[in-house]
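Structural characterization, general
This is what each chain is made of:
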Amino acid sequence: TSGENSAKSDENGKIILTVGEENIANVEISIIAKGYRKETFNSDTLNDAEVQVKLVPSKKHAFVSNRNGEYDLYTVDIDAKNEKLLLEATGKEREVPVVIPHATKDVIAYVSSRGGEENKDGFILDGLYIVDAITGENERIARSEQLQVVGWSGDKIVFLQVVEGTSQGNSERSKLVSYDYVTREKKDLAASNYFNDVELVGGKLYYAVSSYAVPESQAKLFTVDVDGQNKLKAIDSQVWNIFRTAYDTLLFSAVDQKWFKLQGSSPVEEVAQQPAPLALNFVDAPDGKRTVWVEVRDGKGVLLKSATTEFNEEQVATIPGLSDVLYWANDSTIVFRVISNEETADYILNLDGGEMQKITDVTATRNSYF
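To keep things clear, this report deals only with the structure shown in the data block. (Residues numbered from 1 in each chain as written. Predicted model: local features only at pLDDT ≥ 70, side-chain atom pairs only at ≥ 80, totals over all residues. Heavy atoms only, no water.)

**Some details on the overall build of the protein**
Stated formally: Only DSSP runs of H or I covering at least 4 residues are called helices, and only runs of E covering at least 2 are called strands; the numbering of each starts at the N terminus. Any residue under 20% of the maximum accessible area for its type is buried, any over 50% is exposed, and the rest in between are partly exposed; the area is computed with a 1.4 Å probe on protein chains only. Contact definition: two residues touch when any of their heavy atoms are within 4.5 Å.
The secondary structure content of the protein amounts to zero helices and 29 strands. Summarising its shape, the C-alpha atoms of the protein cover approximately 85 × 50 × 40 Å along the three principal directions. Every one of the 370 residues in the protein was classed for burial, and the buried ones make up 44%. A sequence separation of at least 24 residues applies to 32% of the contacts in the protein between residues at least 6 apart.

This is the structure in structure tokens:
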């Protein structure tokens, strides 16, 4: 666009813009595409030559850095431009805050003890904040002696929290909660003294209730939708661990050295005792058509991808220190973290072609959330 004049690219991305002004020197021209940052330049830089413009996904990248000695929260464009201090540290953070970005919006879940509140024993409590990555506006939606984020499902953030002031033997000491940041509706999905494990797959949660301080009849594996609907008992035994071993497969280790398997839409079945399974973390693209994950092979991180409908593993890259895929910046571009002896940094890669590029150095723990 230029003023009231506009033109669209052809199938090859080429744009020919006709400008109506008699004098086209110093005319401002903007390149605009949905989901990408607007790029602006002056016509006098064209000189009748073809100009190539690289468009950058508009989603802001949020990260924590202690470059100034405290745990500040920053945002930056994913081409490393336009860095901004979003939330200045309060100095009350007892450990590195955790950033969990929304899949499609400039919103993050942020776990931090920045508030400095203490329980009756003087232990600093963590807060779970929903932060606008553009404005920095934030709202604390929970605080606890222990907070663990399970993940986002649409506009709902799912987390575990220990209820303040409850005794260790209380059967409802821990709660599994979902919060819709748009409607601000919070729902308690389940309660127990302790959850052995929790796994979020799409819009469904699998959670294993511990038998500690809970009747044996309640220490089972359950499923529930993130909106609180369709709660079902999936395994009539206490489950210790949940492993997602393939895109459509979950393995469960249970009491008495029993193992169970859930694959696709088939019912849960008991299987033979398994060797220690490799648990995988699949991160789906916003359109749901592709997924990516990381495996460690020969001591190096291997980035893999596949379509979600017809699963076919394809190796993308082998990267020393590759830790986690953090999120998709759009349907073709991923952001991932590298933790090595040389750096802790976030990188971006377009899966449809191109080289990985560094966004920024960060301060982070190796395990970012549940």
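**Some words on the sheet that holds strand 13 (residues 185-192)**
In a beta sheet, neighbouring strands are held together by backbone hydrogen bonds and run either parallel or antiparallel to one another. Stated formally: Here, strands pair whenever DSSP counts at least two bridges between them. To get an axis, fit a line to the C-alpha atoms, keeping to the stretch in contact for a helix; angles then go from 0 to 180 degrees between the N-to-C directions.
Taken in spatial order, the four strands of this open sheet run 10-11-12-13, and their pairing is antiparallel. A single partner strand is all that each edge strand has here, and the edge strands are strand 10 (147-153) and strand 13. In this sheet, neighbouring strand axes are inclined to one another by 20° on average, regardless of whether the strands run parallel or antiparallel. With six bridges connecting them, strand 10 and strand 11 (residues 156-162) associate as antiparallel partners. When the sheet's bridge partners are listed, W152 is paired in strand 11 with I157.

**Comments concerning the nonpolar core**
Let me state the cut-off plainly: Here the nonpolar core consists of buried residues drawn from Ala, Val, Leu, Ile, Met, Phe, Trp, Tyr and Cys, with membership extended through side-chain atoms lying within 4.5 Å.
Counting residues in each nonpolar core, the largest one holds 17 residues, and the members touching the most others are V292, L303, V325, W328, I334 and F336. Elements that contribute at least two residues to this core include exactly strand 23 (290-297), strand 25 (314-319), strand 26 (322-328), strand 27 (333-339) and strand 28 (344-350). I334 has contacts with V292, L303, V325, Y327, W328, A329, Y347, I348, L349 and L351, leaving out every residue within four places of it along the chain.

**So, the environment of I16**
Examined against the element boundaries, I16 turns out to sit in the segment before strand 1 (28-31). I16 gets classed as exposed once you look at its relative accessible area, which sits at 63%. Between the C-alpha atom of I16 and that of G202, which follows or precedes it by 186 residues, the distance is 43 Å.

**Remarks on the pattern of salt bridges**
For side chains bearing opposite charge, pairing can occur when the charged atoms are close. Condition: Take a side-chain nitrogen of Lys or Arg and a carboxyl oxygen of Asp or Glu: if they are within 4 Å of each other, that pair is a salt bridge.
As enumerated under the stated definition, the model contains 26 salt bridges in all. Across the pair E93 and R114 runs a salt bridge, and its minimum N-O distance is 3.9 Å. Here E93 is found in the loop between strand 5 (84-87) and strand 6 (98-101), whereas its partner R114 is found in the loop between strand 7 (107-112) and strand 8 (126-132), with 21 residues between them in sequence. The pair formed by E93 and R114 is uniform in burial state, with each residue classed as buried. Linking D225 and K204 is a salt bridge whose minimum nitrogen-to-oxygen distance equals 3.2 Å. Residue D225 is found in strand 16 (residues 221-225), and its partner K204 is found in strand 15 (residues 204-209); the two are separated by 21 residues along the sequence. Overall, D225 belongs to the buried group, its relative accessible area being 15%.

**Section: the packing of aromatic side chains**
What describes a pair of aromatic rings is the distance from one ring centre to the other and the angle between the planes of the rings. Here is the rule: Any two of the Phe, Tyr and Trp rings considered here, Trp counted by its six-membered ring, make a pair once their centres fall within 6.5 Å; the pair's planes then place it as stacked at under 30 degrees, edge-to-face at over 60, or tilted in between. We call a charge positioned above a ring when the Lys NZ or Arg CZ atom is no farther than 6 Å from the ring centre and deviates by at most 35 degrees from the ring normal.
By the definition in use, this model includes 12 aromatic pairs. Aromatic pair Y207 and F222: ring centres 5.6 Å apart, planes at 20°, arrangement stacked. Remark: F222 occurs in strand 16 and Y207 occurs in strand 15; sequence separation between them is 15 residues. Each member of the pair Y207 and F222 is classed as buried. What links up through ring pairs into an aromatic cluster is the set Y247, F282, W293 and F311. Seen from the ring of F222, K231 lies directly overhead, with NZ or CZ sitting 5.5 Å from the centre.

**Looking at the pairing of strand 28**
Within strand 28, five of the seven residues are buried, which leaves it mostly tucked inside the rest of the structure. Strand direction decides the pairing type here: strand 27 and strand 28, joined by seven bridges, are antiparallel. Across the sheet, the residue bridging to I334 is L349, located in strand 28. If you look at the hairpin formed by strand 27 and strand 28, you'll find four residues sitting between the two strands. Note that strand 28 and strand 29 (residues 357-361) share four bridges and pair antiparallel.

These figures capture arrangement, not role.
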